[in-house]
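# Commentary on secondary and tertiary structure
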Amino acid sequence: MQRTIVMKENRITLGHGSGAGLTRELIRDVFHKNFQLPSLDDAVEIENRTVVTTDAYVVQPLFFPGGDIGKLAITGTINDLSMKGAVPRYILITFIIEEGFPVSDLKNVAQSIKKTAQTAKVRIIAGDTKVVQKGKADGLYITTTGVGFIKGDISIDPKKIVSGDKVIINGSIGDHSIAVLNKRQNLQLHPMPKSDCAPLNDLVQNMLKAGEIKFMRDPTRGGVATILNEVYEETKKGIIIEEDRFPIQKNITSVCELLGLDPLYLANEGKVLVIAKSPVKKLINKMKEHPLAKKTSIIGEITDEVKGVYVRTSIGGLRPLPLISSDPLPRIC
Amino acid sequence: MKNRFRDNKLIQKLVDDLGDWKKPIKIMEVCGSHTMAIGHWGIRKLLPDTIQLISGPGCPVCVTPQSIIDAVLPLKDVVIATFGDLLKVPGKEKTLEMARAEGLDVRIVYSPLEALNMAKEKETILMGIGFETTIPGIGYTLLEAKKKNIKDYSILPSLKVIPPALDALLSDKEISIDGFILPGHVSAIIGSEPYEFISEKYNTGGAICGFEPLDILMGIKMLCDQIEKDQVEIKNEYTRVVKKKGNSQALSVINQVFDVANGFWRGVGEIPNSGLSIKKEYREFDALIKYNIDLSEENNFPSGCQCGEVLKGKIIPSDCALFGKVCTPDSPRGACMVSSEGSCAAYYRYERE
């Protein structure tokens, strides 16, 4: 990816944290170059089928419809482990707290963490706390480390992806991003969008027993489009997704059209994107039994028809779905 | 309930009708959202080769002078409030995004009223760019600022109006346009009357269109019918939003706070009466005066950049030697690539094979 020719001094911009192209460039050029990471993922299998992951949470606002930074920290960590096929067991958590932060808010965050961990049968086993001066931490930042274990013979290998495999998602896209945006910018959307933030470990374990799964990822920052482009880059297998088939709530569609945002690039925090061997009827039925996957849909297919990731529009056209370098920006008019 | 403006049967019927069109024609749209809708829905691929859709100067970010970015970079202790798509536009050396990384207080707004609110806490300048769709909202903040005596608010105006730009395009002998898809939301403000000169003076047709695929295809059909019958006029396809006289409330706001002025369109040059200046009574909110800013600039292009030709519809983006190689959305050289709704950016995203 070409650097912008206008930059004289390289500085980190918000785009570098978007989860999209610039983030990958940053990881490759600064971190991987120095650490020789075994993968560019935020989760990795080490010995004895143990999977470890780490993550940071800087969401603003801290409390939003459907969740808060605490719940997000637990579900995000659980989901990263789950995507590797691991059963999440332990989480370590650190809090960087800004001077002046209300204790009552901190207690609410702690309670949310407790509730989410309990529901997902995961234990918080250690942690750390730091307090920084006023103005240095936007309220609260959280980082986590998660540990899980892969049971049995599970092997999720994108190299096995072939033409005809189906692309599946467990429910509607764009909910989390729009819920947070609505709260942050006080857009006063009606009905009020709610984040889909949820722990997927239970759903994923059910899925692994019901079909041959070749790829799984939670489409967080960067959205479905970014994940599909990563699959294409790794496998060089074309992907076509059908616009008519991706589940999306009407209020989310309306806001996206108003602001010029494409829901395929928006973050989701309770969704898993799966590529599985066809036929997938048994897998879909199994997924639909779960409360977090009632709206499971096949949204597309791996194909030799195209080189890259494409969307078949509802009027029969085909448009490319490229990797973008950073967060989509709302347009003027 | 399915959106009937995306009804496959109706769309297929129009596509079949248009498939018979034999005479090569060029239809220009002058609205970034139309540029994107055409790309998003793959409309070009549904049309026969005889109907060529080209993009004109419809993206307000793209036609804003680069000097507007340079003008605010040295300012201290101010909030620069901006719409999102101006964030990555390069000035001479850097973008507002880069300046923010270096400490300039740049904040994205979704509505001009947010900028007015910011001014209650800290001196705020709103980057006042946009066409008629956005102008009333920006103008309204001046009415409110005066009424509520908000002294620490100003706008840096680079506002443009569309009809004079269309006049300039049509009077250029080197350009041949057979019909216009006219901007839906600009028209919601100004109505259909300001476009009458297109058919009366230049014997060219226009169709005011919405942004759904059926709207755009219907508009193209209307233009083809006019050309076939040799009876050009300005038709309104977007009747559910656009009225003949426009939006009188919005027009009243514009008339209260702005005067007509000459406008500088990046890539095209100065177009008479195509801009707006802030009226005398509201000059205290004019950042040009408050900060002694001069936005005039030479109509210079980076070497090899053919934005001027693209904006006038003389060439398509892929005809430019820099397109896709040196000039990309991540490293834009010229105006048409800088905004996500610019002609070249849209082409890069949707039309490359």
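A brief report on the enclosed structure follows.

Criteria and cut-off values
Residues numbered from 1 in each chain as written. Chains lettered and ligands numbered in written order. Predicted model: local features only at pLDDT ≥ 70, side-chain atom pairs only at ≥ 80, totals over all residues. Heavy atoms only, no water. Helix = DSSP H or I, 4+ residues; strand = E, 2+ residues; numbered from the N terminus. Rg over C-alpha atoms; globule rule 2.2 N^0.38 Å. Buried < 20%, exposed > 50% of the residue type's maximum accessible area, 1.4 Å probe, protein only. Areas by Shrake-Rupley, 256 points an atom, 1.4 Å probe, with all protein chains shown as cover. Core = buried A, V, L, I, M, F, W, Y, C linked by side-chain atoms within 4.5 Å. Contact = heavy atoms within 4.5 Å. Phe/Tyr/Trp six-rings, centres within 6.5 Å; stacked < 30°, edge-to-face > 60°. Pairing = 2+ DSSP bridges. Axes fitted to C-alpha atoms, helices over the stretch in contact; angles between N-to-C directions. Buried area = accessible area lost by both parts, 1.4 Å probe. Salt bridge = Lys/Arg side-chain N within 4 Å of Asp/Glu carboxyl O.

Before going further, it helps to spend a moment on the overall build of chain A. Summing up its helical and strand segments, chain A has eight helices and 14 strands in all. Relative to a compact globule of 333 residues, whose C-alpha radius of gyration would be 20 Å, chain A shows 20 Å and is just as compact. Its C-alpha atoms put chain A at 55 × 50 × 45 Å along the principal axes. In chain A, buried positions account for 53% of the 333 residues. Surface accessibility of chain A: about 15,600 Å² in total, with carbon and sulfur atoms responsible for 52%.

It is worth spelling out the nonpolar core at this point. All names here are of chain B. Counting residues in each nonpolar core, the largest one holds 98 residues, and the members touching the most others are L96, Y153, L156, L166 and F258. The contact partners of F258, leaving out residues within four places of it in the chain, are I135, G139, L142, I155, L159, L276, S277, I278 and K279. In terms of nonpolar packing, the next biggest core, distinct from the first, is built from 27 residues, L14, I38, W41 and L217 among them.

The subject of this paragraph is the packing of aromatic side chains. All names here are of chain B. As enumerated under the stated definition, the model contains six aromatic pairs over all chains in all. Plain terms: the ring middles of F197 and Y202 are 6.4 Å apart, the flat faces sit at 75 degrees to each other, and that makes the pair edge-to-face. One exposure class covers both F197 and Y202, and it is buried. For the pair F323 and Y348, a centre-to-centre distance of 6.1 Å together with 75 degrees between the ring planes defines the contact as edge-to-face. Separated by 25 residues along the polypeptide, F323 in the loop between helix 14 (307-311) and helix 15 (335-338) and Y348 in helix 16 (residues 343-350) bring together distant segments of the chain. Owing to a relative accessible area of 10%, F323 belongs among the buried residues under this scheme. Three or more aromatic residues joined by ring pairs form one cluster here, namely F323, Y347 and Y348.

So, about the sheet that holds strand 1 (residues 25-29) of chain B. Paired through backbone hydrogen bonds, the strands of a sheet run either parallel or antiparallel to each other. All names here are of chain B. Pairing is parallel across the open sheet formed by five strands, whose spatial order is 2-1-7-8-9. The open sheet is flanked by strand 2 (51-55) and strand 9 (234-236), the only strands paired with a single partner. Taking each pair of neighbouring strands and ignoring which way they run, the sheet shows an average axis angle of 20 degrees. Looking at chain direction, strand 1 and strand 7 (residues 179-182) are connected through three bridges and run parallel. Opposite I27, over in strand 7, you have G179 as the bridge partner. Packed on one face of the sheet, helix 11 (residues 213-229) meets strand 1, strand 2, strand 7, strand 8 (205-208) and strand 9 and runs near 160 degrees to strand 8.

Taken together, the contact between chain B and chain A spans 42 residues of the former and 36 residues of the latter. Both faces considered, chain B and chain A share a buried interface measuring about 3,500 Å² in area, 57% of it formed by carbon and sulfur atoms. If you sort the residues of chain B by the area they bury against chain A, Y110(B), D330(B) and R349(B) come out on top, with a joint share of 20%. Seen at the junction of chain B and chain A, the total is two salt bridges.

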